[in-house]
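Structure assessment
Residue strings, one per chain:
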Amino acid sequence: DSGVTQTPKHLITATGQRVTLRCSPRSGDLSVYWYQQSLDQGLQFLIQYYNGEERAKGNILERFSAQQFPDLHSELNLSSLELGDSALYFCASSVGTSPEQFFGPGTRLTVL
Amino acid sequence: AQSVAQPEDQVNVAEGNPLTVKCTYSVSGNPYLFWYVQYPNRGLQFLLKYITGDNLVKGSYGFEAEFNKSQTSFHLKKPSALVSDSALYFCAVRGTGGSYIPTFGRGTSLIVHP
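What comes next is a walk through the structure. (Residues numbered from 1 in each chain as written. Chains lettered and ligands numbered in written order. Predicted model: local features only at pLDDT ≥ 70, side-chain atom pairs only at ≥ 80, totals over all residues. Heavy atoms only, no water.)

**Topic: the packing of aromatic side chains**
This is how it is decided: Stacked, tilted and edge-to-face pairs are distinguished by plane angle, under 30 degrees for stacked and over 60 for edge-to-face with tilted covering the rest, among Phe, Tyr and Trp rings (Trp via its six-membered ring) whose centres lie within 6.5 Å. Numbering of helices and strands starts at the N terminus; helices are DSSP runs of H or I of at least 4 residues and strands are runs of E of at least 2. Accessibility here uses a 1.4 Å probe with only protein chains present; expressed as a share of the type maximum, an area under 20% marks a residue as buried, one over 50% as exposed, and anything in between as partly exposed. Charge-over-ring contacts are defined here by two conditions on Lys NZ or Arg CZ: a distance within 6 Å of the ring centre and an angle within 35 degrees of the ring normal.
Summed over all chains, the structure comprises 14 aromatic pairs over all chains. Residues Tyr-35 of chain A and Phe-104 of chain B carry aromatic rings whose centres are separated by 5.5 Å and whose planes lie at 85° to one another, so their mutual orientation is edge-to-face. On the criterion of chain membership, the pair formed by Tyr-35 of chain A in strand β4 (residues 31-38) and Phe-104 of chain B in strand β11 (residues 103-104) is interchain, its members lying in two chains. You can call Phe-104 of chain B buried: its relative accessible area is 9%. On the numbers, 5.9 Å between centres and 75° between planes, the contact of Tyr-36 of chain B with Phe-46 of chain B is edge-to-face. With Tyr-36 of chain B in strand β5 (residues 31-38) and Phe-46 of chain B in strand β6 (residues 44-50), this residue pair connects regions lying 10 residues apart in the sequence. Classification of Tyr-36 of chain B by relative accessible area gives buried; the value is 1%. For Phe-46 of chain B, a relative accessible area of 22% translates into the label partly exposed. Sitting over the face of the ring of Phe-102 of chain A, Arg-26 of chain A holds its NZ or CZ atom 3.7 Å from the ring centroid.

Here's what the structure looks like:
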């Protein structure tokens, strides 16, 4: 158990809908990272937050957004969902900008 | 830009035999290198890292990795494979300056046969 929690574990929704994925980092970790894992694209970095502020952006679509709250939990919002958004979404956390990341169990999103 | 190549989609090995999962990287400056393992329906678990120092790094579950600067490689090894080692293995690299975000390889599926 990495100490990073993600909810929900599974999410099934329809095209055009909006969903919110939630992540709680390890106690004391200030950095939260979001990744998307799909069979054809591998593990893709989406976005990083550090102590409430956006720190780095990767291959995140404009339909996706995220935020980190004062209690350091983070939410990833996915809107106008398309079939191709079906994937595993992982959250990871680290102590500051430490190179070592700890991953949550993931949320499997299925868009029908 | 930084990049990671895992040239083998799948590695097959018999239980008890040594295993190697290959990784090569490209990064500006000195690298931070990592190996993660992912079991089915689970998140990635940290195995080991190279930051500086000894080129042979020992990690969890009997795994080790050798950093080779001239060949820009960081191959994962284990002297004696177990069936329970069967999983997806990811190599990742991060530079020591600039972006703090690691780049992951596409993963190598390790299958250990009884």
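**Observations concerning the sheet that holds strand β7 (residues 64-68) of chain A**
Residues and elements named next belong to chain A. We apply this condition: Strands are treated as partners if at least two bridges between them are detected by DSSP. Orientation is described by lines fitted to C-alpha atoms, with helices fitted over the stretch in contact, and by angles between N-to-C directions that extend from 0 to 180 degrees.
Overall, antiparallel pairing links the four strands, which are arranged β1-β3-β8-β7 in an open sheet. Each edge of the open sheet is held by one strand with a lone partner, namely β1 (5-7) and β7. Geometrically, the sheet is characterised by an average inter-axis angle of 15° between neighbouring strands, direction not taken into account. In terms of strand pairing, β7 meets strand β8 (residues 74-78) through five bridges, oriented antiparallel. Following the sheet pairing, Gln-67 is matched in β8 by Glu-75.

**Examining the nonpolar core**
One broad trend across soluble globular proteins is that nonpolar side chains are buried collectively. Rule in force here: Put simply, buried Ala, Val, Leu, Ile, Met, Phe, Trp, Tyr and Cys residues joined by side-chain atoms within 4.5 Å make one nonpolar core.
One finds Trp-35, Leu-47, Leu-48, Phe-74, Leu-76 and Tyr-89 of chain B to be the most contacted residues of the largest nonpolar core, which totals 27 residues. At the level of elements, β2 (10-14), β3 (19-21), β5, β6, β8 (64-68), β9 (73-78), β10 (87-95) and β12 (108-113) of chain B are the ones that each hand at least two residues to this core. The greatest single-element share of this core, amounting to four residues, is contributed by β10 of chain B. Counting 21 residues, the second-largest nonpolar core is a separate cluster that includes Val-4, Leu-46, Ile-47 and Leu-76 of chain A.

**Some details on the interface of chain B and chain A**
For the record, the criterion: What makes two residues a contact is simply this: any of their non-hydrogen atoms within 4.5 Å. Accessible surface is computed with a 1.4 Å probe, and the buried area is the amount of it that two parts give up when combined, taken over both parts together. For this analysis, a salt bridge means a side-chain nitrogen from Lys or Arg found within 4 Å of a carboxyl oxygen belonging to Asp or Glu. As used in this structure description, the phrase polar contact means that two N or O atoms lie within 3.5 Å; if the pair is within protein, one of them must be able to donate a hydrogen and the other to accept it, and residues adjacent in sequence are counted only when both atoms belong to side chains. Just so you know the grouping, Ala, Val, Leu, Ile, Met, Phe, Trp, Tyr, Cys and Pro go in nonpolar, Asp, Glu, Lys and Arg go in charged, and all remaining residues, Gly too, go in polar.
Listed as interface residues are 19 residues of chain B and, on the opposing side, 23 residues of chain A. Between chain B and chain A, roughly 1600 Å² of surface is buried when both sides are summed, and carbon and sulfur atoms account for 58% of that area. One can count one salt bridge joining chain B with chain A. Residue Glu-100 of chain A pairs with Lys-49 of chain B through a salt bridge whose shortest N-O separation is 2.9 Å. Viewed at the interface, chain A and chain B are joined by three residue pairs in polar contact (both at pLDDT 80 or more). At the level of elements, β5, β6 and β10 of chain B are the ones that each hand at least two residues to the side of chain B that touches chain A. Looking at the side of chain B that touches chain A element by element, the count peaks at four residues for β5 of chain B. Partitioned by chemical class, the residues of the side of chain B that touches chain A number 12 nonpolar, three polar and four charged.

Keep in mind that these numbers describe shape and distance, not what the molecule does.
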